[in-house]
Amino acid sequence: MRARRFFSLIIVAFLFPILLVGCFNYRDINKVTFATSIIFDTDDFGRSVVYVDCIKPYRSTNESSDKGRRMIYKGIGKTALEALRDVNLASSYELNYSQNRAYIFTEKAAREGVKGYLDLINNNQEFQIKPDIFVYFGEVKDLLKVTSSDEEYLGLYLEELVHKNKRNPRAVRANINEYLSKSIEDDKTYIVGAIEIREDALDKKIEIGGGAIIKDSKLINRLKANDTLSYNLLMNNVTKGTLEISNPQSEEGFITLEILSNSTKTELEYEDNKIRLIKDLEMKVSVAEAQDKLIVDKNTLNYIKIVKEQEVKNYLKNIFNTYKKEGLDIFDIKRLLDVKNLDIEIEDPLSITELELNVNIIIEGTGIVKDSL
């Protein structure tokens, strides 16, 4: 018995090193170019245009530091796959997509349809499904020029930008995996992040804000940054942020309320061929800033509470009615009906849905003096 066990250990000892799979060695990594982001575009002839933003690493056994050089490749083809093959013709090294951080669709490509590109991402084992997805509003050359001047890898920059703004209520975040899951549902309406170039004080910067509304794999509309806060409040996606209101004690001043926490509970009721979408919103805020003078007392706080609650109701109803008229179910009415397991078939549930809002704003104090109220 002992001899058999000893013999088994000897076999394992010889086989174990063979089973070990290591990562790239220095020689291998010097022959690979890693993609950090992929931009999908369409030219005037309807051909697919692909831009691949890459890092060409270099590591030497004689040095302790990593080196890398940014490279941008462009490929054109009748399909996205053919465009990627065209990119390979210009690269002397193997392109590796395991480190990709972002998939970016231009406005033109998104309006014509992203299904072909998504099929490539979903079916090609080289591509990851974790990266974020964006629609870029602007010229591709401007986007590449901005990141090139900053010597930033576009995908890594967007990853950091999204991470820092994950609690920003005026931004939308979505990744490929979530989008692909949503695309197989009955109502194929989904919102992905939107990016554009903003004129900064000295130069231009990439700005993330708002969202792009995609239905049936085509860009239908854009959710502006000002409307995104209202949308996120309805969808219970707000944990931080600010609200503004006119200062009742000043003709031109404003008061800024900082959102400390927010909870939006959703109920759906169906009766007499009508759907009631009930949203109970409870928000805790503090007075963070007041322009000009502000005497904080019970009457002032009560005024702020009443006025701001009505403003929030107006904003939320306005965005709901706007997209209801456009027939865009960005509020997941269809999904909520499925969750309720109602034995009914409604072709267009959004058209018979009415929004009922209950808003409660709790002002806990000011940001200057603790326990001031």
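Scroll up a little and you will see the structure.
Residues numbered from 1 in each chain as written. Predicted model: local features only at pLDDT ≥ 70, side-chain atom pairs only at ≥ 80, totals over all residues. Heavy atoms only, no water.

Looking only at helices and strands, the protein chain has 11 helices and 13 strands in total. Long-range pairs, those at least 24 residues apart, make up 67% of the contacts in the protein chain with a sequence separation of at least 6. When the accessible surface of the protein chain is totalled, it reaches about 21,900 Å², and 48% of it is carbon and sulfur. (Helix = DSSP H or I, 4+ residues; strand = E, 2+ residues; numbered from the N terminus. Contact = heavy atoms within 4.5 Å. Areas by Shrake-Rupley, 256 points an atom, 1.4 Å probe, with all protein chains shown as cover.)

This part takes up the packing of aromatic side chains. By the definition in use, this model includes 9 aromatic pairs. Centre to centre, the rings of Phe 40 and Phe 105 are 5.2 Å apart; their planes meet at 25°, and the pair counts as stacked. Within this pair, whereas Phe 40 is found in strand E1 (residues 32–42), its partner Phe 105 is found in strand E5 (residues 102–106), the two being separated by 65 residues in sequence. Each member of the pair, Phe 40 as well as Phe 105, carries the same accessibility label: buried. Linked through ring pairs, Phe 40, Tyr 97, Tyr 103, Phe 105, Tyr 117 and Phe 127 together constitute an aromatic cluster. One cation-aromatic arrangement involves Arg 222 over Phe 137; the distance from NZ or CZ to the ring centre is 4.2 Å. (Phe/Tyr/Trp six-rings, centres within 6.5 Å; stacked < 30°, edge-to-face > 60°. Buried < 20%, exposed > 50% of the residue type's maximum accessible area, 1.4 Å probe, protein only. Lys NZ or Arg CZ within 6 Å of the ring centre and 35° of its normal.)

To continue, consider empty space enclosed by the protein. The gaps left among the atoms become clear once a water-sized probe is rolled over them. Taken as a whole and assessed by the stated rule, the structure comprises 2 cavities of 30 Å³ or more. Considering only enclosed or pocket space, the largest cavity measures out at about 50 Å³ in volume. Taken together, Tyr 179, Lys 182, Ser 183, Lys 188, Thr 189, Tyr 190, Ile 214, Asp 216 and Ser 217 make up the full set of residues lining the largest cavity. Residues of the lining of the largest cavity, tallied by class, amount to 3 nonpolar, 3 polar and 3 charged. (1 Å grid on protein atoms, 1.4 Å probe; cavity = no way out; pocket = protein on both sides within 12 Å on 5 of 7 lines; lining within 4 Å. Points joined across faces, edges and corners; volume = space filled by probe spheres on them. Nonpolar A, V, L, I, M, F, W, Y, C, P; charged D, E, K, R; others polar.)

This next bit is on the nonpolar core. Residues Tyr 231, Tyr 323, Ile 330 and Phe 331 are the most contacted members of the largest nonpolar core, which totals 43 residues. Secondary-structure elements contributing two or more residues to this core are helix H9 (225–234), strand E10 (241–246), strand E11 (254–271), strand E12 (274–290), helix H10 (298–325), helix H11 (333–340) and strand E13 (353–366). Per element, the largest residue contribution to this core is 7 residues, and it comes from H10. Of the domains in this structure, domain 1 (28–223) and domain 2 (224–372) are the two that each give at least three residues to this core. Setting aside chain neighbours within four positions, we find Tyr 231 in contact with Ile 191, Leu 223, Ile 319, Ile 330 and Phe 331. (Core = buried A, V, L, I, M, F, W, Y, C linked by side-chain atoms within 4.5 Å. Domains from an automatic or database assignment.)

A few words now on the pairing of E10. Here E10 shows a clear split, with Gly 241, Leu 243 and Ile 245 buried on one side and none of Thr 242, Glu 244 and Ser 246 buried on the other. The pairing of E10 with E11 spans 6 bridges and is classified as antiparallel. Bridging from a neighbouring strand, Glu 244 pairs with Thr 256 of E11. (Pairing = 2+ DSSP bridges.)

Time to look at the environment of Ile 363. With respect to the helices and strands, the residue Ile 363 is situated in strand E13. Here the alpha-carbon distance between Ile 363 and Lys 305, two residues 58 residues apart in the chain, equals 7.4 Å.

On to helix H5 (residues 115–123), then. Residues Tyr 117, Leu 118, Leu 120 and Ile 121 constitute the buried set of H5. Each buried residue of H5 sits inside an arc of 155° when the element is viewed along its axis, so together they form one side. The exposed set on the far side of H5, more than 90 degrees from its buried face, consists of Lys 115 and Asn 123. (Arc of directions from axis to C-beta.)

Attention now moves to the pattern of salt bridges. Counted according to the given criterion, the structure contains 18 salt bridges. Among the ionic pairs, Glu 364 bridges to Lys 284, the shortest N-O distance being 3.9 Å. Of this pair, Glu 364 sits in strand E13 while Lys 284 sits in strand E12, and the two are 80 residues apart along the sequence. The closest approach of N and O atoms between Glu 311 and Lys 308, which form a salt bridge, is 2.9 Å. Residue Glu 311 and its partner Lys 308 are located together in helix H10, separated by 3 residues, close to a single helical turn. Overall, Lys 308 belongs to the buried group, its relative accessible area being 5%. (Salt bridge = Lys/Arg side-chain N within 4 Å of Asp/Glu carboxyl O.)

On to the layout of surface pockets. Of the volumes computed, that of the largest pocket is approximately 450 Å³. Along the walls of the largest pocket sit 24 residues, with Val 172, Arg 173, Tyr 231, Asn 232 and Asn 237 positioned nearest its centre. Secondary structure elements with two or more residues in the lining of the largest pocket: helix H8 (176–182), strand E7 (189–199) and H9. Per element, the largest residue contribution to the lining of the largest pocket is 3 residues, and it comes from E7.

Before going further, it helps to spend a moment on unusual backbone geometry. Located in the positive-phi region is Ser 217, a residue other than glycine, with phi close to 70°. Along the chain, Ser 217 turns up in the loop between strand E8 (204–215) and strand E9 (218–223). The exposure class assigned to Ser 217 is buried, which follows from its relative accessible area of 16%. For Asp 272, which is not glycine, the phi torsion reads 55° and is therefore positive. Along the polypeptide, Asp 272 turns up in the loop between E11 and E12. Using a relative accessible area of 65% as the deciding quantity, one classes Asp 272 as exposed.

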